[in-house]
Every structure is written in structure tokens, then in C-alpha cells.
Amino acid sequence: MEATREIYWNVGRDAIALMYSLTVLSIVVCALAFKRRTAVYRRGGPLKRLDNLSHRIRLMLQTALTQTRVMRVRGPGIAHAFLFWGTGLLFIGTVLIMVQVDFTSPVFGVRFLTGTFYTLYSLVLDVAGLTTILMLGGLAVRRFITRPNGLEIVTGDYVIHVLLMFVLITGFVVEGARIAVTELRENPALALYSPVGRQMALALSGIETDSLRIIHTASWWIHFLLVMALIVVLPYTKLRHMFTAAAGTLFKDMRPKGTIATLDLEAEGAVRFGAAEAVDLPWKDLFDADACMSCKR
């Protein structure tokens, strides 16, 4: 039997239009919130930070993808890096499903989520999901239980952790219910490549098929709606640093360290020197308030 699975099993193609509509709506709401946020940055003074753009882009990608700056502080830095890589792999896995279902399969008749690639795909995503849960749990213990001195905690922190954790857990429930109905009974060897989903399936295996299908459909929609909620709240929580921190690197000061701006104390018509109010600062300084994180690293 070929190593693969039916995409959107038990959900049905009729639900896909609603899924994409809600996805587009969530992204639009998120983008509009970020757009309103940029009005704050524009209140700052002008500053050119797009010189040598190719180098800036390379530096941004290198810093974001390697997480080297975050890992300078061992422990929480390493946990954050694995959390980032884990969620990144889960996002890529979701994109690959969309590419096959909406592009390569209907346009070219090509299905690449099969065979050895599919088994590797399943194994990597299961490991990534479990790793993300463990790292998120560890960071939650640090933030809410051990709470190092100086670590700021706001309501949005609880929202972030709860949403992310339930997104991950419901994802495994969806996978487990599907595997319990299909792979455990029809292709048990394939289930070995989804070790976490297989354990969830074994826990659900005593439930009758009709009930498992209901559990699968309900958890699939809950999982999807939680992801949409995460997208909507992203600009209002510290999660926005996924974009602002990367952009902060893109727009960083490329001058040698220690370089400071000099004041023209003889400027005609000057009524004050330096910054008396926040709006007297360059726009990048205002932007950095969103890019910086209160993570006690």
C-alpha cells in the first residue's frame, strides 16, 4: 500500500471554501492592525535605512533562521530557538499540503506527498510538534512559575501560551483520530512514521468509528479556528516580534559601533537640541519599542 493519506479526510472539500475565506479574513484583520501600528512609527523623524539592501536582507534571514542571537543566553534562548524551528516546520508542512491540493495536483496531476517523502514528512512534523509543545511548556514554567526577577508578565502572555498550546494539542488529536480510523486498522506500518499521532490514536482506539469521525471533525475545526484566533491577536501581543524583530535587523544601523550623531549647536532657528519628546526621535527608535521583547534573556 502506498505511503500517503487522503488530504482533508473526513472534513470534505465543501468545507475548504469556508476555510480559505476565514483564513483570508484573519490575515486581512492582522494586516490592518499592523498598518495602524505603522502610524506610530511615522510620527518619528526621517531616517534612511535601506542602503545596501541585499546585505541587509541576508543579515535578517541569517539572524532569524539561525537564532544565534537568541541562543546567546543558554536555557531559555535554546528553548526559544527550538520553539521557532518547530513552529516553522509545522508551517512549512501546512504550506506543502496547500501546494499539492490547490496547485500541483489539480494543475499538473502531481502528488508529491507520497512514498518515502511522505513518511519523512510525517515523521518530521510529529517530532516538530512534540518539540514545540515541550519547549512551550518549559518557557511557560519559566514565565509563570519560576518567574525570574524583572520578567514582565502581561495578559497577552497568557493568551499566547494558551492559544499556542491548544493549537498544538488539537493538531495531535486531529491526527490521532484520523490514524485510529485509517492507518491503525488498514495500514499500521504507516502509523509508525507518526509516533505522537500513533500514541494518540492508540488512546482513542477503543472508541467506535462513527464517534471517532465526530471527534476528528470537531477537533479539526477547533484547531483551525484557534489558528485563526492566533493570527488575529498576533499584532496585539508580543507575538508581533516575529515580524518586528526581523524587520529591526533589516533596518539596523550599519555604521561602526560607537558611532553617534553630532548636534549642530549653531543651527539657525533651532529652538531645542536632541529629543524632548518621543516624536523627536527617528522612526527607527519608535519601531524598536515593538521589536524589543521583555523576555529577561
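It should be emphasised that the depicted structure is a prediction, and the values quoted were computed from it without experimental measurement.

Asker: Can you tell me about the overall build of the protein chain, naming the residues and giving the values?
Answerer: Helix and strand content of the protein chain: 11 helices and 0 strands. In sequence order, the secondary structure elements of the protein chain are arranged as α-α-α-α-α-α-α-α-α-α-α. With respect to the principal axes defined by its C-alpha atoms, the protein chain has extents near 85 × 50 × 30 Å. Split into buried and exposed, the 297 residues of the protein chain put 37% on the buried side. Counting contacts in the protein chain only where the partners sit at least 6 residues apart, residues at least 24 apart contribute 74% of the total. Surface summary for the protein chain: the accessible area is close to 17,500 Å², and the carbon and sulfur share equals 66%. In the protein chain, 31 positive and 22 negative side-chain charges are present, and the distance between their average locations comes to 5 Å.

Asker: Tell me about the environment of M228, and name the residues and values.
Answerer: With respect to the helices and strands, M228 occurs in helix α9 (residues 209–233). With relative accessibility at 8%, the residue M228 sits in the buried group. Separated by 157 residues in sequence, M228 and M71 have C-alpha atoms that sit 29 Å apart. Leaving out residues up to four positions away in the same chain, M228 has contacts with L22, T23 and S26.

Asker: Tell me about a positive patch on the surface, and please be specific about residues and values.
Answerer: Side chains of R69, R72, K252 and K257 sit close together on the surface and give a patch of like positive charge. Topologically, K257 is positioned in the loop between α10 (241–250) and α11 (283–291).

Asker: I'd like a description of the packing of aromatic side chains, backed by residues and values.
Answerer: Tallied over the entire structure, the rule returns 13 aromatic pairs. Here the aromatic rings of W220 and W221 are separated by 4.9 Å at their centres, their planes lie at 85°, and the arrangement is edge-to-face. The buried category is assigned to W220, whose relative accessible area is 13%. Between the aromatic rings of F251 and F287, the centroid separation amounts to 6.3 Å while the plane-to-plane angle is 80°, which identifies the pairing as edge-to-face. On the criterion of sequence distance, the pair formed by F251 in the loop between α10 and α11 and F287 in helix α11 is long-range, its members being 36 residues apart. The exposure class assigned to F251 is buried, which follows from its relative accessible area of 18%. On the basis of relative accessibility, which here comes to 7%, the residue F287 falls in the buried class. By way of ring pairs, the aromatic residues Y8, W220, W221 and F224 are connected into one cluster.

About the thresholds
- Residues numbered from 1 in each chain as written.
- Predicted model: local features only at pLDDT ≥ 70, side-chain atom pairs only at ≥ 80, totals over all residues.
- Heavy atoms only, no water.
- Helix = DSSP H or I, 4+ residues; strand = E, 2+ residues; numbered from the N terminus.
- Buried < 20%, exposed > 50% of the residue type's maximum accessible area, 1.4 Å probe, protein only.
- Contact = heavy atoms within 4.5 Å.
- Areas by Shrake-Rupley, 256 points an atom, 1.4 Å probe, with all protein chains shown as cover.
- Lys, Arg positive; Asp, Glu negative; His and termini not counted.
- Charge placed at Lys NZ, Arg CZ, Asp CG, Glu CD.
- Patch = residues over 30% accessible without salt bridge, like charges linked within 9 Å, V, L, I, M, F, W, Y side chains within 5 Å.
- Salt bridge = Lys/Arg side-chain N within 4 Å of Asp/Glu carboxyl O.
- Phe/Tyr/Trp six-rings, centres within 6.5 Å; stacked < 30°, edge-to-face > 60°.

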